[in-house]
Amino acid sequence: MSQDLLFVVLMFSAFAVFLFLGFPVAFVLGGVGVMFAVIGEILPFFGVKVLAGTNFIGFAADRIFATISNYSLVPMAMFVFMGYMLERSGVADRLLVALSASLRRVPGGLGLAVVLIGVVLAASTGIIGASVVLLATVALPALAAGRYSAPLALGSVAASGTLGILIPPSIMLIVMADQLRLSVGDLFMAAILPGLLLALLYAVYIVVYAALRPSAAPKPEADGAGASTAALLRALGPPLALMIAVLGSIFLGIASPTEASGVGALGATILAALDRRLTWSTLRAVCDATGKTTAFLFALIFGASCFSVVLRGYGGDQVIEGAITGIPLPPEGVLAMLLLAIFLLGFVLDWMEIVLIVAPLTVPAVVALGFDPVWVALLIAICLQTSFLTPPVGMALFYVKNAAPAGTTTMQIYRGIVPFVILQLIGLGIVFLFPQFVLWLPRIAY
């Protein structure tokens, strides 16, 4: 084993050990980086020459200041605010009532309504926690009252809530654009069709499953009147207007993502005010939650900056690039191996660690094989969506468990999410085989 490879393995091993000991991941990333920078100062006294040293902490500080002054990350705070404010506006409650009434005659109509609400929330929030908790709180009691099977109800809520990680304005895409030096607007446009593809796969599965097993998703016993057009428009109008104002302004070139995020934050506040749910206590709670979430995300970025700079000082980027280019497979096989590795890492790591550490080290080497960087980034994003549903650290599973009715078991949740993870992998395969799902919209937009 070469010296560089040895230190790369040691750094990642130290990261894994401290992480599984329960320390906060941001401090683990920064702490391991500083620890190995100090080790780099000591090693020359033992005849081991390495480039890394405490001077690399200064390089990390430069990157941290560059991150703070990076305008591409400004939308992150505004979209977080928009998501938390929209959570309190009553949008999901009205949507569920109107859509479930309109789809009452469709097999699995209530489950289909959950998927549609998941799409609307995804395009309005970008925050997985807010989307999943809100959807679980609103939809799970209705699904239970409709006598839906527990696994189908839990799986559809968890999967639909995670659409926000892919459908813009996704916080993950903003962070990924910053780390991979890509345009936020390009990633937003590229993610629309894959996100809708996954939603379509969910919807088809629920309808087919309900048609084959009516007892698992029974139709309403009383065939009452469906929702009026006016009621449906009242429920769909405000979130659709917000989506058009935010995403439409970006795609039409009227506003940058930074400016559009401010429009979204103001729009969500107006929706809460129109629903008479905007109070000083609500505004303070939303601002507190936004501050904590944004601080957490920036702390992760700062810690990852320190870790990655020191890792490069030990030759980590050359080791990883050499390992990727040395795989005896064609370029498509190398990319497939990377996606498989990210899928497996998603079982034990959160998306932030993968985006901040793995992606910047591996994507440049894969792109050098001739692939479009936007396509590669979206493949990784779709793959990372599975990490929210795969145990033991799938965050959507924890959100659903906390919001689920009493008596819900972890095994019911696991049984429910398995078909949806398979559907996500099918969607990943479709996008892998047909890159135009990702590249068509950005190309016609410019």
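What you are looking at is a predicted structure, and each value in this text was computed from that prediction instead of being measured.

Q: Give me the overall build of the chain: which residues, what numbers.
A: If you tally the helices and strands in the chain, you get 20 helices and zero strands. Taking 446 residues into account, the globule formula puts the C-alpha radius of gyration at 22 Å, and the chain, at 23 Å, falls close to it. In terms of overall dimensions, the chain has a C-alpha envelope of 80 × 45 × 45 Å along the principal axes. Residue burial in the chain is summarised as follows: out of 446 residues, 53% are buried. Sequence separation of 24 or more characterises 80% of the internal contacts of the chain that already satisfy a separation of 6 or more. Positive and negative side-chain charges in the chain, numbering 19 and 18 respectively, have mean positions lying 14 Å apart.

Q: Which residues make up the packing of helix α8 (residues 150-161) against helix α10 (residues 184-212), and what values go with them?
A: Direction vectors running N to C along α8 and α10 enclose 170°, while the axes themselves pass 11 Å from each other. With respect to each other, α8 and α10 are oriented roughly antiparallel. Counted together, Leu-152, Ser-156, Ala-159 and Ser-160 of α8 and Tyr-202, Tyr-205, Ile-206 and Tyr-209 of α10 form the full contact between these two elements. Of the residues in the contact of α8 with α10, the class split is six nonpolar, two polar and no charged.

Q: Give a detailed account of the side chain of Gln-424, specifying residues and quantitative values.
A: Following the sequence through the fold, Gln-424 ends up in helix α19 (residues 410-433). Since its relative accessible area comes to 0%, Gln-424 is described here as buried.

Q: Let's hear about the packing of aromatic side chains: which residues, and what values?
A: One pass over the structure, following the stated rule, counts 13 aromatic pairs. Look at Phe-7 and Tyr-314: their rings are 4.9 Å apart centre to centre, the planes differ by 35°, and that puts the pair in the tilted class. With a gap of 307 residues between them, Phe-7 in helix α1 (residues 3-20) and Tyr-314 in the loop between α13 (280-313) and α14 (316-325) connect regions that are remote in the sequence. Just as Phe-7 is buried, Tyr-314 falls in that class too. Plain terms: the ring middles of Phe-343 and Phe-347 are 5.3 Å apart, the flat faces sit at 90° to each other, and that makes the pair edge-to-face.

Q: So what about α10? Which residues, and what values?
A: With 29 residues, α10 extends 42 Å between its outermost C-alpha atoms, agreeing within 8% with the 42 Å of an ideal straight helix rising 1.5 Å per residue. With a side-chain oxygen lying 3.2 Å from the backbone nitrogen of Gly-185, the N-terminal cap of α10 falls on Ser-183.

Q: For the environment of Tyr-84, give the residues involved together with the corresponding values.
A: Mapped onto the secondary structure, Tyr-84 falls in helix α4 (residues 74-87). Between the alpha carbons of Tyr-84 and Phe-347 there is a distance of 27 Å; along the sequence they are 263 residues apart. Polar side-chain contacts of Tyr-84 include one of 2.9 Å to the side chain of Thr-293.

Q: Can you tell me about a nonpolar patch on the surface, naming the residues and giving the values?
A: Residues Val-17, Phe-18, Leu-21, Phe-23 and Met-35 make up a contiguous nonpolar surface patch of roughly 460 Å² in combined accessible area. Inspection of the secondary structure puts Met-35 in helix α2 (residues 25-42).

Rules behind the numbers
Residues numbered from 1 in each chain as written. Predicted model: local features only at pLDDT ≥ 70, side-chain atom pairs only at ≥ 80, totals over all residues. Heavy atoms only, no water. Helix = DSSP H or I, 4+ residues; strand = E, 2+ residues; numbered from the N terminus. Rg over C-alpha atoms; globule rule 2.2 N^0.38 Å. Buried < 20%, exposed > 50% of the residue type's maximum accessible area, 1.4 Å probe, protein only. Contact = heavy atoms within 4.5 Å. Lys, Arg positive; Asp, Glu negative; His and termini not counted. Charge placed at Lys NZ, Arg CZ, Asp CG, Glu CD. Axes fitted to C-alpha atoms, helices over the stretch in contact; angles between N-to-C directions. Parallel < 35°, antiparallel > 145°, perpendicular 65-115°, else oblique. Nonpolar A, V, L, I, M, F, W, Y, C, P; charged D, E, K, R; others polar. Phe/Tyr/Trp six-rings, centres within 6.5 Å; stacked < 30°, edge-to-face > 60°. Expected span 1.5 Å × (residues − 1). Polar contact = N/O pair within 3.5 Å; in protein donor to acceptor, adjacent residues only side chain to side chain. Patch = residues over 30% accessible without salt bridge, like charges linked within 9 Å, V, L, I, M, F, W, Y side chains within 5 Å. Areas by Shrake-Rupley, 256 points an atom, 1.4 Å probe, with all protein chains shown as cover. Salt bridge = Lys/Arg side-chain N within 4 Å of Asp/Glu carboxyl O.

What is shown is where atoms sit, not what they do.
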